[in-house]
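Next come the chains, spelled out residue by residue.
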Amino acid sequence: MAVDVKPLTHWVIYKGYKVRFTERGAGRAAGVLTTPEGAQITFIYDAGECMVTLPGERIRINQHGWELEHIRD
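Since we're looking at a predicted model, the values are computed, not measured.

Q: With reference to specific residues and values, describe the pairing of strand 4 (residues 51-54).
A: Across 3 bridges, strand 3 (residues 40-46) lies against strand 4 in antiparallel orientation. Across the sheet, residue D46 finds its bridge partner in strand 4, namely M51. Hairpin remark: strand 3 followed by strand 4, antiparallel, with 4 residues in the connecting loop; positive phi at C50, about 50°. Note: strand 4 against strand 5 (residues 57-61), 4 bridges, orientation antiparallel. Considered in strand 5, the bridge of V52 is made with I59. As consecutive antiparallel partners, strand 4 and strand 5 are separated by 2 residues, and within that stretch G56 has a phi angle of approximately 85°, a positive value.

The rules we used
Residues numbered from 1 in each chain as written. Predicted model: local features only at pLDDT ≥ 70, side-chain atom pairs only at ≥ 80, totals over all residues. Heavy atoms only, no water. Pairing = 2+ DSSP bridges. Helix = DSSP H or I, 4+ residues; strand = E, 2+ residues; numbered from the N terminus.

Quick look at the structure:
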């Protein structure tokens, strides 16, 4: 069963990003985000934790895609 990416999709829309998935499995998705400026950022999304992992930081989101916490690595 594939991961529910609805919260991630809301977050992507709020940020104005485009998303391309490279992996979707049970509880996890990964891929590349493209910013409005054209920069590409790899990501991993953990649906159980509602955590988006980007290079150098992790962002916890809620079920509506709103950012709750930023954790710098």
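What follows picks up the thread again.
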